[in-house]
Amino acid sequence: MTATNTTPAVLTLTVPPDAEPGIDSLAFQYRGQELEIIVPATAKPGDVLEVRLGIADGGDAHDDDDHDDDNDHDEDDHDEEAETRQKSSVEPVDASRETHAERTSEKDEECSSKADGNVAVLPLHRNDQREITSLRLAQAPPPNNDDDGDGTNAVVWPTGIVLAQALNSPAGTHFLQSRILACSPPLRCLELGSGSGACGLALAHALSRLSSRDDEVGGARVVLTDRGRGAVESMRENIRRNLRAFRSETSSTRRVSVEATSLSWGETLSGEEKFDVVLGSDLLYDARGEATYGPLVRTMRRHLRREGRILLGVRWRKPLLEREFFEIALRSGLEFVLWDRVPEKDAEWRRRCPCRLGWREYGDPECDASNAFFHDTMVSIGGYEKSLAEVRESDLEGMSEEEYTVFEECQIQIYVGKFANDSETRCGDEVTPKKRGIRDIST
């Protein structure tokens, strides 16, 4: 029998002066993986923490005859390793995951539930060292609250994941840089219908990355909003969980402030503050025409600066009804075009969100391009392919989680909105001739 070293590996970490106990995390490398642990609530700056990391390197080969004898030790070691994984807010990313539709062959790991129940991990981007940054998001409102919201804030929705990751893509960086050039810094950003706050927090992280290279980003402000006290409490909890994500990459200073407050559509924040970027994802799900979309458009108009931009993530469900939002917006002086910079720059995004139809065409039975998209786009159901036009609600139960993600993302688009009479030159837009005479407002 080969002797085995079962001594746990112990790593010592010193709590830095600017760490916030119970909120901030300490990052470290172990066996080629980037891990983090939360600073204990009782820790103080300068304290030395000992982290047990399971079996130390030194051999783990066992003779088959002796496997049962060592079973108790194995269980203990696995428990220690599992405990470390639960404390980690960054998990290994399998960059070669494939779906049956073969559209996401190089996709990051999906937003997934952690062992502690209601916390989801949302990967945002990799840096030059291929280390991944993630958000940790509580998916349920705090218990025993006086919540008058509709409960949709309890889930991190696929559209929010797509928009959050797009904001941290190269195209997202270009968009934010164009906004900084076009507007007077610091940048002011508002998210409507924030839910868990995934998109607003992802935006704050993207701005913090820019702040390490551009002093004008310092002082940027992101305001998360939703309806109901429970939703606001949940957003504030997620802000606390992710404070580390809003720091500049070159210092421990938080150069982007994030806050959460209650706001119902049709209403305005105190003083009707104007914002450079207004953000929203999956806001059109309640397709009741003017009753829903009228108040939403009014709030957008009241809070958007004349040279500002709206980024809207749309998951189409009832396009004949949801199209009314864009028509109401256009009558109110807001125009929206497809944000196509992301798929143009990145093949992965072309696979994930392949639809290039505009809001007038999507789902229109009289539009040949729309009919072709629905009949030519194939999704998998239990390993068997169907066209998007053939999928029925009963088919969703037969989809794996991965298949369902592909199904959702092929129906998600991101639109850019602005005031229709805004000047491209004043706003720093890059004007490129588009089909059907539509101006490029996508920067």
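Position numbers for residues start from 1 in each chain and track the written sequence from start to end. Where totals are concerned, whole chains, interfaces and linings use all residues; where local detail is concerned, this predicted model gives features only for residues with pLDDT of at least 70, and gives and counts side-chain atom pairs only at 80 or more. With hydrogens and water stripped out, all remaining heavy atoms of the structure feed into the side-chain values.

Caption draft 1: Geometry of the overall build of the protein chain. Per the secondary structure count, the protein chain includes twelve helices and 16 strands. Exposure categories follow from relative accessible area, calculated using a 1.4 Å probe and restricted to protein chains: below 20% of the type maximum is buried, above 50% is exposed, and the middle band is partly exposed. Residues counted as buried form 50% of the 443 residues belonging to the protein chain. The contact criterion used throughout is that any non-hydrogen atoms of two residues lie within 4.5 Å. Contacts in the protein chain between residues far apart in sequence, at least 24 positions, make up 71% of those at least 6 positions apart. Taken as a whole, the protein chain presents about 20700 Å² of accessible surface, with 46% of it coming from carbon and sulfur. Helical segments are the DSSP runs of H or I of at least four residues, strand segments are the runs of E of at least two, and each set is numbered from the N terminus. Computed with the Shrake-Rupley method and a 1.4 Å probe, the accessible areas treat only the protein chains shown as cover for residues.

Caption draft 2: Representation of unusual backbone geometry within the structure. Positive phi values are uncommon outside glycine, yet E272 reaches one of about 50°. By the secondary structure assignment, E272 is in the loop between strand 10 (256-262) and strand 11 (275-281). Phi at D282 takes a positive value of approximately 55°, unusual for a residue other than glycine. Tracing the sequence through the fold places D282 in the loop between strand 11 and helix 6 (290-303). Classification of D282 by relative accessible area gives buried; the value is 10%.

Caption draft 3: Fine view of the packing of aromatic side chains. Two rings belonging to Phe, Tyr or Trp (six-membered ring only in the last case) form a pair when the distance between their centres is within 6.5 Å. Interplanar angles under 30 degrees mark stacking, angles over 60 mark edge-to-face geometry, and anything in between is tilted. Enumeration over the complete set of coordinates arrives at 13 aromatic pairs. Aromatic pair W316 and Y362: ring centres 4.9 Å apart, planes at 15°, arrangement stacked. Of this pair, W316 sits in the loop between strand 12 (304-315) and helix 7 (319-331) while Y362 is found in the loop between helix 9 (347-352) and helix 10 (368-376), placing the two residues 46 residues apart along the sequence. Site record: aromatic cluster; members linked through ring pairs are Y293, W316, F325, F326, F336, W359, Y362, F373, F374 and Y415. Placement of a charge over a ring requires the Lys NZ or Arg CZ to be within 6 Å of the ring centre, with the centre-to-atom vector within 35 degrees of the ring normal. Over the ring of F419 we find R306; its NZ or CZ atom is 3.9 Å from the centre of that ring. Seen from the ring of W349, R352 lies directly overhead, with NZ or CZ sitting 4.6 Å from the centre.

Caption draft 4: Summary view of the environment of V155. Position of V155 among the secondary structure elements: in the loop between strand 7 (132-138) and helix 2 (158-167). Spatially, the C-alpha atom of V155 lies 8.5 Å from that of A138, the residues being 17 residues apart in sequence.

Caption draft 5: Quick look at the environment of L263. Locating L263 in the fold gives a position in the loop between strand 10 and strand 11. It is 5.4 Å that separates the C-alpha atoms of L263 and R227, two residues lying 36 residues apart in sequence. Those residues in contact with L263 that sit more than four places away from it in its chain are L192, T225, D226, R227, T268, L269 and T299.

Caption draft 6: Seen up close, the nonpolar core. Joining through side-chain atoms within 4.5 Å is the link that ties buried Ala, Val, Leu, Ile, Met, Phe, Trp, Tyr and Cys residues into a set, and such a set is a nonpolar core. Counting 50 residues, the largest nonpolar core has L207 and V222 as its most contacted members. Looking at which element gives the most residues to this core, the answer is helix 4 (residues 198-211), with nine residues. Formed by 40 residues, the second largest nonpolar core is a distinct cluster that contains L283, M300, Y362 and M399.

Caption draft 7: How the structure looks around the pattern of salt bridges. Within this document, salt bridges are pairs made up of a side-chain nitrogen of Lys or Arg and a carboxyl oxygen of Asp or Glu, the two lying within 4 Å of each other. In total, this model carries 16 salt bridges according to the counting rule given. Across the salt bridge formed by E273 and R221, the nearest N and O atoms sit 2.4 Å from each other. Separated by 52 residues along the polypeptide, E273 in the loop between strand 10 and strand 11 and R221 in strand 9 (residues 220-226) bring together distant segments of the chain. Exposure remark for E273: the relative accessible area of 25% places this residue in the partly exposed category. Residue R315 is joined to E408 by a salt bridge in which the shortest nitrogen-to-oxygen separation is 2.7 Å. A residue pair is termed long-range when its members are at least 10 positions apart, and R315 in strand 12 and E408 in helix 11 (residues 401-409) qualify at 93 residues. Residue class for R315 comes out buried when judged on its relative accessible area of 8%.

Caption draft 8: Layout of the pairing of strand 8 (residues 188-191). With four bridges joining them, strand 8 and strand 9 adopt parallel strand pairing. Considered in strand 9, the bridge of L190 is made with V223. A strand pair is defined by DSSP finding two or more bridges across the two strands. Alignment of strand 8 against strand 11, held across three bridges, turns out to be parallel. Across the sheet, the residue bridging to L190 is V278, located in strand 11.

Caption draft 9: Geometry of the sheet that holds strand 12. The strand order across the open sheet built from seven strands is 10-9-8-11-12-16-13, with neighbouring strands paired in mixed fashion. With partners counted over all chains shown, the strands left at the sheet margins are strand 10 and strand 13 (334-338), one partner each. In this sheet, adjacent strand axes meet at a mean angle of 20° when their direction is disregarded. A fitted line through C-alpha atoms serves as each axis, taken over the contacting stretch for helices, and the angle formed by two N-to-C directions is quoted from 0 to 180°.

Caption draft 10: Looking closely at helix 2. Of all ten residues that make up helix 2, nine are buried, and the element is covered over most of its length. For helix 2, every residue scored as buried is listed here: T159, G160, I161, V162, L163, A164, Q165, A166 and L167.

Caption draft 11: Main features of helix 5 (residues 229-241). One less than the residue count of a helix, multiplied by 1.5 Å, gives the span that helix is expected to have. Taking 1.5 Å as the rise per residue, helix 5 with 13 residues should run 18 Å; its terminal C-alpha atoms sit 18 Å apart, in good agreement. All buried positions along helix 5 are accounted for by G230, A231, V232, S234, M235, N238 and I239.

Caption draft 12: Looking closely at the packing of helix 6 against helix 7. Interaxial distance between helix 6 and helix 7 falls to 9 Å at its minimum, and their mutual angle equals 35°. The chirality of how helix 6 crosses helix 7 is right-handed. Within the contact between the two elements, helix 6 uses E290, Y293, G294, L296, V297 and M300 and helix 7 uses L321, E322, E324, F325, I328 and A329. In this scheme the crossing of two helices becomes right-handed for a clockwise turn of the near helix relative to the far one and left-handed for an anticlockwise turn of less than a right angle.

Caption draft 13: A look at the side chain of H303. In this fold, H303 is placed in helix 6. Among residues more than four places away in sequence, those in contact with H303 are L190, T268, L269, E272, E273, K274, F275 and V278.

Caption draft 14: Geometry of the pairing of strand 14 (residues 378-381). The pairing of strand 14 with strand 15 (residues 384-387) spans four bridges and is antiparallel. What sits directly across from V379, in strand 15, is K386. Hairpin geometry of strand 14 and strand 15 is characterised by an intervening segment of two residues between the two adjacent antiparallel strands and by a positive phi of about 60° at G382.

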